[in-house]
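Inside the fold
Each chain, written out:
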Amino acid sequence: MSSSSVINDFCPGRTGLELGKNSFRSVQHFSFTWRKLLEKRRLDQISCPKSSPQSPLEICAIGSTTHHAEQARAVIQGELNGNERMDRERQSILRSALQFVDVMAQGRGISDKSSPSLGVCGGDLLDENASIAPSPELFYMLLPEPTTATGTGRSSSIKWPDHISDKTLEKMASTVLSDRDKDHGQVFYQYCVCVYVKAIFHLFQKPRAYKDPRMNEQFLRSKKLYEVSAFRALNSLNFLNAPTLPFIQSLISAALFMQYLGNMSQSWILNSYAARLIVALDYHEVRNPLGNSELDEEIHSVVYWCFYLDRTLSTLLYRPLSLPQPRISPTHLITADQSLPHIPLIRILLDLAQIQGELLDCGKAGDTRQILQNHSRLQERMEIIHSRLESSRTSAPDLVSSDWIAGDFCYYAILVDVLRSRLKYAFSPLTHKECVSYSRKSLKALHHLQKNLEHTPGFVDPYPSFLTWTVLLYPLSPFFVLFCNIIGELDMDDYNLIQDITHSLSQFTASPYIAKLLKLLDTLQSLCMPLVQAKERLGPQAKLASLYPAMATRRGQWLTGDQLPIRDQLAMRDQLMSQDPTYSTESPFGESGNLNSQQLQTPEESYRDEEMMWQLFNSQLSLEWFESEPFSFQGYT
């Protein structure tokens, strides 16, 4: 099939043809230039080592594993695999995107060689002469007021629950304050990690409760001080220490701390070590969720928080699970404290983490029928979770309503992954449509949060804190599914939605994580530009032929492309000619009205295109690739 004929499918007339040829050449030029820049970058790396980062966050970012490159590759490849009707223009764009993420994959191990140890983070900011012990005033701030029991305290109404209960915090305060002037042992440092991380999350709720900018500036200063202190205490931990409950508590606090910083790889490492200690002490074998002792509550808390981080991060980073499945559902281990409005949301996040963990094993069944049954069960459970998400939203206070919107992003992102996994084994146009629809819902929730930063918890330093438990913690399949839909359907609403989100992210490039994520999204979006420009030339009323399977069947099988009956092929031709009187017979339809066999792909070419399309659609980019040199090229914007 000639390039001119396939361009006319979506860009009829001479102007569209020229645009298509130019865009095709631009894609080829981009690929060539990219390879040259990559080669030069690697040579520069050998001769000129990189300067050391200046901030603790940048130091932590070097060795961080991130999660998006691998996902994008599977999503885009899946689109190429499942589409027999794609013209060469769109194939070229998707192949260029696929090549982009493939090169990132080849550079995956570069960052591992220079990854600093955990203790390096924040080292330049530490005052070795300053005391590491939390001040008494910090404990006064964190310990609950007597009015908390009645639910009338202002701060208690938006308190985020964690694995350190009020009783546990009181015990830690007693130990730390009594040991301030003594030789510090490991328990002291373990408690310090827990206290400083708890103080950081305590301050998260202040900016949306108090709007005075000068007060928020002081909140931010205190938060940064607690971060440095948390690093110091974490650096003092002895990882050869015997397994104990305080050690596990400090590791989970450290994992939550790294997750807040955006360093998901380090968070997974710390939580995995906590999981090993939980197994060593048989805490995961808990059988009685109704234990009322303080020790039982502490054990239950570390188990379900470790479970949440393990399932979520392992799915995100494509790593094996560290914590065995507990004997009882982790949601049954949550304390029944009705005064905390976030408890229903925590239960939902735990159920979603369970879905993520089971999705990893869905494809291990013996046959396709069993695999599809596993997916059907997951989808049914997702429907139940959605109903609970909606019902709990109605009872949530207005002050924390944005947290449920973040939950929407997470829910739909996981649902998209479930549907993509199903599409690998059995394509269905209906499932594909649902996948695109839920991708839009996920990104619309994210876009809403971006437009209403004042209602989200945390600080905008160096980026809004909610990004660490949305786009950096959960799969970005919705982005890549809509990217493929833009290529396949030229949906301008999808294009504008992604453009708005990337534009909002562009103001937070001070973060190495967001900067590299933005580079990926900008690159994919730029590859869509030739098609978008062609669409604009045709005008908003132009209807373009879908690249996705038609909703027609023959003996129960879906028909696509040239498999359609001749009368349907003629109807497609008449539709195109009615949109543009200059539509020529150089299109895939010959003068006879039938598809021109000389312009059709061979079965081998069609199979390769189909394979690439679906691999890209079913991919998840690993953000670890963002930390490699191939991603930081500057030659393409």
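Now for a quick tour of the structure. (Residues numbered from 1 in each chain as written. Predicted model: local features only at pLDDT ≥ 70, side-chain atom pairs only at ≥ 80, totals over all residues. Heavy atoms only, no water.)

For the rest of this paragraph, the subject is the side chain of K206. Here K206 is to be found in helix α9 (residues 206–209). When sequence neighbours within four positions are dropped, the list of residues in contact with K206 reads N216 and F219. (Helix = DSSP H or I, 4+ residues; strand = E, 2+ residues; numbered from the N terminus. Contact = heavy atoms within 4.5 Å.)

Under the defined criterion, the tally for this structure stands at six cavities of 30 Å³ or more. As a volume, the largest cavity reaches approximately 400 Å³. Lining the largest cavity we find 23 residues, and of these W160, Q259, Y308, L349 and W469 sit closest to its centre. When contributions to the lining of the largest cavity are tallied by element, the ones reaching two or more residues are α8 (186–204), α11 (245–261), α13 (294–317), α14 (343–359) and α16 (401–425). Among the residues making up the lining of the largest cavity, the classes are represented as 16 nonpolar, four polar and three charged. (1 Å grid on protein atoms, 1.4 Å probe; cavity = no way out; pocket = protein on both sides within 12 Å on 5 of 7 lines; lining within 4 Å. Points joined across faces, edges and corners; volume = space filled by probe spheres on them. Nonpolar A, V, L, I, M, F, W, Y, C, P; charged D, E, K, R; others polar.)

What follows concerns the pattern of salt bridges. Counting across every chain of the model gives 17 salt bridges. When the shortest N-O distance is used, the salt bridge between K198 and D162 registers 3.0 Å. Within this pair, whereas K198 is found in helix α8, its partner D162 is found in the loop between α6 (136–142) and α7 (166–178), the two being separated by 36 residues in sequence. Assigned by exposure class, K198 and D162 land together as buried. Here D310 makes a salt bridge to R311, at a shortest N to O gap of 2.8 Å. (Salt bridge = Lys/Arg side-chain N within 4 Å of Asp/Glu carboxyl O. Buried < 20%, exposed > 50% of the residue type's maximum accessible area, 1.4 Å probe, protein only.)

Turning our attention to the environment of S236. Topologically, S236 is positioned in the loop between α10 (213–235) and α11. We classify S236 as partly exposed; its relative accessible area is 27%. Separated by 50 residues in the primary sequence, S236 and Q186 place their C-alpha atoms 8.0 Å from one another. Apart from residues lying up to four places away in sequence, S236 is in contact with I132, Q186 and Y189. A distance of 3.1 Å separates a polar side-chain atom of S236 from the backbone oxygen of R232. (Polar contact = N/O pair within 3.5 Å; in protein donor to acceptor, adjacent residues only side chain to side chain.)

Attention now moves to the packing of helix α19 (residues 492–505) against helix α20 (residues 512–527). Contact geometry of α19 with α20 gives a least axis separation of 10 Å together with a crossing angle of 150 degrees. In this view, α19 runs roughly antiparallel relative to α20, as classed from their interaxial angle. Viewed along their axes, α19 and α20 form a crossing whose handedness is left-handed. Between α19 and α20, the residues in contact are Y495, I498, Q499, T502 and L505 and I514, L518, L521, D522 and Q525, respectively. Of the residues in the contact of α19 with α20, the class split is six nonpolar, three polar and one charged. (Axes fitted to C-alpha atoms, helices over the stretch in contact; angles between N-to-C directions. Parallel < 35°, antiparallel > 145°, perpendicular 65-115°, else oblique. Left-handed = near helix turned anticlockwise from the far one by under 90°.)

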